[in-house]
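# Structure assessment
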Amino acid sequence: MSQSTTLTLIDRRRASLPSLVLVANMASTQEVSRPFGLAPLVVGTGNDCDLIVTDPAVSRRHCLFRITPQGILVRDLQSKNGTFVSNIRVQEAYVAPGHVLQIGGVSLRIRVTGEPSEIPLWPEASFGGALGGSTVMRALFHRLYQAAQSPELVLLRGESGTGKELLARAIHDVSPRADGPFVIFDTAAITPALFEAELFGHVRGAFTGADTDRTGILATADGGTLFLDEIGELPLDQQPKLLRALETKQYRPVGSNEWRSFDARIVAATHRDLHAAVAAGEFRQDLYFRLAVFECMVPPLRERTDDIELLVERFLASEIPARTVLDLPHGALEMLASHHWPGNVRELRNTVSRLLLFPHMGERALEFHGVEGEARRDFDALLGMPWRDARERVIDRFEASYLREKLHAHEGNVARAATDMGISRQLVHRLMVRHGVR
Ligand SMILES: Nc1ncnc2c1ncn2[C@@H]1O[C@H](COP(=O)(O)OP(=O)(O)OP(=O)(O)O)[C@@H](O)[C@H]1O
């Protein structure tokens, strides 16, 4: 059996991917294992990990494995207790089958399970408006092109700023519906009470304030593509309504008795692992299966650093007047290639603009977005929550601390605190009750 552990280009349209499995041995239970391919594999105790282990010394998201052209790369994800290869704590290392890695009380090993498989690649370094010459992006472009030719639903999963909306538009542009409309519906931005009216439309008099008939998003997207952004934020009680519409291709405007048909291809996107959300009871399984006919992972920028130069050149060329890498400060490309990019391509684009405006900023150009240390852990907890809950938690904490500080500054005098805060005394009292402040 071939022991290949590298991702190797065969020609412009094909690459060879080793067949690997990651095996974890824990003291408490039997071994668990998980095959891995082009998508990176995250190990940790969190239920959103690809390989879930139970060990008190292992972090929620502990380390990540990825097959690269250079071999199998392991990266520690800022774990509390570290990742060890041959008793040496590593931040990043290449590992071979047979090497034993240690995370907390768990040992990890890679096993080759068969001959390498061949994966098809998109022959170009761009797909619609999206750029990407890395093997993972070209494999993704190929899959999206295939999906675009079928009428099926596509689910794009990836962190914020990875280009999901751009890819949804590219799917539309290469699909047989390219001449129809491309309509965006941001599920997270709609209040639950208005969801049905926005999606299905409403007739005059359907509810207070509905003075005219209104066309819904499904009708607007007829003949084209409907992009359902942040689908993971759709409240559970609204999910059956969307599912019914997707299954029957029919809907009823709010306040109407008449069923109408629609014909739009659906592309949905989310930053959440919906599979894990289903397991946690936060997303309906039937809707997930319906949406995920073609589930595609859009990799974060830090996992395709070979695309950075191409993207930087594109962003520079689109400046007015057009610029080139020669306009960037010395060493900028190396600095950009080694950054973590929590905000992905969007952050890269903004950083390039900042570097052009303030060429002497150097590494400080990167400091605007990073959420580090304690704040990072707090933020990770928020990332694990649905948008509405996370926003509520942040606002709640802010309200309580702001109120306490102001009352403290005015020695508990509500009237003076209210004047200082620019709100009524009644509102201060209400906030005090809400946050249990006496
Ligand atoms: N592969 C790419 N090539 C060129 N530009 C890109 C690419 N990916 C993202 N961008 C640019 O980065 C920005 C963010 O992209 P986009 O809005 O598509 O990301 P997203 O994943 O939908 O983000 P969010 O989840 O926050 O809505 C846009 O300006 C987009 O044009």
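Cut-off values and rules
Residues numbered from 1 in each chain as written. Predicted model: local features only at pLDDT ≥ 70, side-chain atom pairs only at ≥ 80, totals over all residues. Helix = DSSP H or I, 4+ residues; strand = E, 2+ residues; numbered from the N terminus. Pairing = 2+ DSSP bridges. Axes fitted to C-alpha atoms, helices over the stretch in contact; angles between N-to-C directions. UniProt positions renumbered as here; feature names shortened; annotations may be inferred. Expected span 1.5 Å × (residues − 1). Buried ≥ 20, exposed ≤ 12 C-beta atoms within 10 Å, placed from the backbone. Near = placed C-beta within 6 Å. Nonpolar A, V, L, I, M, F, W, Y, C, P; charged D, E, K, R; others polar. Parallel < 35°, antiparallel > 145°, perpendicular 65-115°, else oblique. Left-handed = near helix turned anticlockwise from the far one by under 90°. Contact = placed C-beta atoms within 7 Å. Core = buried A, V, L, I, M, F, W, Y, C linked by C-beta atoms within 7 Å. pLDDT = per-residue confidence, 0-100.

## Digging into the overall build of the protein chain
In terms of regular secondary structure, the protein chain is built from 14 helices and 23 strands. Seen along its three principal axes, the alpha-carbon backbone of the protein chain occupies a region of about 70 × 60 × 60 Å.

## Here we look at the environment of threonine 220
In this structure, threonine 220 sits in helix H4 (residues 217-220). Sequence separation between threonine 220 and isoleucine 52 is 168 residues; the distance between their C-alpha atoms is 43 Å.

## A few points about the sheet that holds strand S15 (residues 154-157)
If you walk across this open sheet you meet the five strands as S16-S19-S22-S15-S23, and the pairing is parallel. Both outer strands of the open sheet, strand S16 (182-186) and strand S23 (294-297), are each paired with one neighbouring strand and no more. Between one strand and the next, the sheet's axes are offset by a mean angle of 20 degrees, whatever the strand orientation. Sheet topology note: the S15/strand S22 (residues 265-270) ladder contains four bridges and is parallel.

## Some points on the UniProt feature "domain: FHA" (unreviewed entry) in the protein chain
Here the UniProt feature "domain: FHA" (unreviewed entry) sits at residues 41-90. Measuring from the first to the last C-alpha atom of residues 41-90 gives 17 Å, for a span that is 0% helix and 48% strand.

## Observations concerning helix H1 (residues 135-149)
Over its 15 residues, H1 runs 22 Å from end to end, which matches the ideal 21 Å to within 8%, given 1.5 Å per residue. All of the buried residues along H1 are Thr135, Val136, Met137, Arg138, Ala139, Leu140, Phe141, Leu144, Ala147 and Ala148.

## Concerning the site of the ligand
Taken together, the neighbourhood of the ligand is formed by 16 residues, with Ser160, Gly163, Lys164, Glu165 and Val345 sitting nearest. Those elements giving two or more residues to the shell around the ligand turn out to be strand S14 (130-131), helix H2 (164-174) and helix H10 (344-357). For the shell around the ligand, a count of residues per class yields five nonpolar, seven polar and four charged.

## What to know about the UniProt feature "domain: Sigma-54 factor interaction" (unreviewed entry) in the protein chain
With numbering matched to this structure, UniProt assigns "domain: Sigma-54 factor interaction" (unreviewed entry) to residues 130-357. Helix makes up 39% of residues 130-357 and strand 15%, with an end-to-end C-alpha separation of 25 Å.

## Description of the packing of H1 against H2
Packing of H1 against H2 brings their axes to within 8 Å, and their N-to-C directions diverge by 50 degrees. With respect to each other, H1 and H2 are oriented oblique. As for how H1 packs across H2, the hand of that crossing is right-handed. Only Leu167, Ala170, Ile171 and Val174 of H2 make contact with H1, whose side of the interface consists of Leu144, Tyr145, Ala147 and Ala148. Class assignment for the residues of the contact of H1 with H2 results in eight nonpolar, no polar and no charged.

## Some words on the pairing of strand S6 (residues 63-68)
Note that strand S4 (residues 41-44) and S6 share three bridges and pair antiparallel. What sits directly across from valine 43, in S6, is cysteine 63. Relative to strand S7 (residues 71-76), S6 runs antiparallel, the two being bridged by six bridges. From the neighbouring strand, isoleucine 67 faces S7, where its bridge partner is isoleucine 72.

## Notes on the environment of aspartate 286
As for its placement among the helices and strands, aspartate 286 is situated in helix H7 (residues 285-291). Classification of aspartate 286 by C-beta neighbours within 10 Å gives partly exposed; the count is 13. A sequence separation of 46 residues divides aspartate 286 from proline 240, and the C-alpha atoms of the two residues are 8.9 Å apart.

## Things to note about the sheet that holds S7
With respect to topology, five strands assemble into an open sheet ordered S5-S4-S6-S7-S10, the strand pairing being mixed. Two strands lie at the open edges of the sheet, namely strand S5 (51-52) and strand S10 (92-95), each paired on one side alone.

## Regarding the nonpolar core
Membership of the largest hydrophobic core comes to 82 residues, with the highest contact counts inside it found for Val43, Leu144, Leu156 and Ile171. Here this core takes eight residues from H1, the largest share from any one element. The next biggest cluster of nonpolar side chains, apart from the first, holds five residues, and it includes Leu407, Ala418, Val428 and Leu431.

## As for the environment of glutamate 347
Looking at where glutamate 347 falls in the secondary structure, it is placed in helix H10. A tally of 20 C-beta atoms within 10 Å means that glutamate 347 is categorised as buried. In sequence terms glutamate 347 and threonine 135 are 212 residues apart; their C-alpha atoms lie 22 Å from each other.

## Quick look at unusual backbone geometry
In this chain, isoleucine 320 is followed by proline 321 through a cis amide linkage whose omega measures -10 degrees. Within the secondary structure layout, proline 321 lies in the loop between helix H8 (308-317) and helix H9 (332-337). Even without a glycine there, the phi angle at asparagine 344 is positive, about 55 degrees. Note that asparagine 344 resides in helix H10. Assessed through the 21 C-beta atoms surrounding it within 10 Å, asparagine 344 is described here as buried.

## A word on the confidence of the model for the protein chain
When pLDDT is averaged along the protein chain, the result is 89, and 95% of the positions lie at 70 or above. Within the protein chain, the lowest mean pLDDT, 64, falls on helix H11 (residues 373-383), and the highest, 98, falls on strand S13 (residues 126-127). Counting contacts from residues 368-374, a segment whose pLDDT is below 50, to residues more than four positions away or on other chains yields seven contacts. Note on the complex model: pTM 0.77, ipTM 0.99.

## Remarks on the packing of helix H13 (residues 414-421) against helix H14 (residues 425-434)
Interhelical geometry of H13 versus H14 gives an angle of 105 degrees and a closest axis separation of 9 Å. Taken together, the axes of H13 and H14 lie roughly perpendicular to each other. Taken together, the residues of H14 that come into contact with H13 (itself represented by Val414, Ala415, Ala417, Ala418 and Met421) are Arg425, Val428 and His429. Of the residues in the contact of H13 with H14, the class split is six nonpolar, one polar and one charged.

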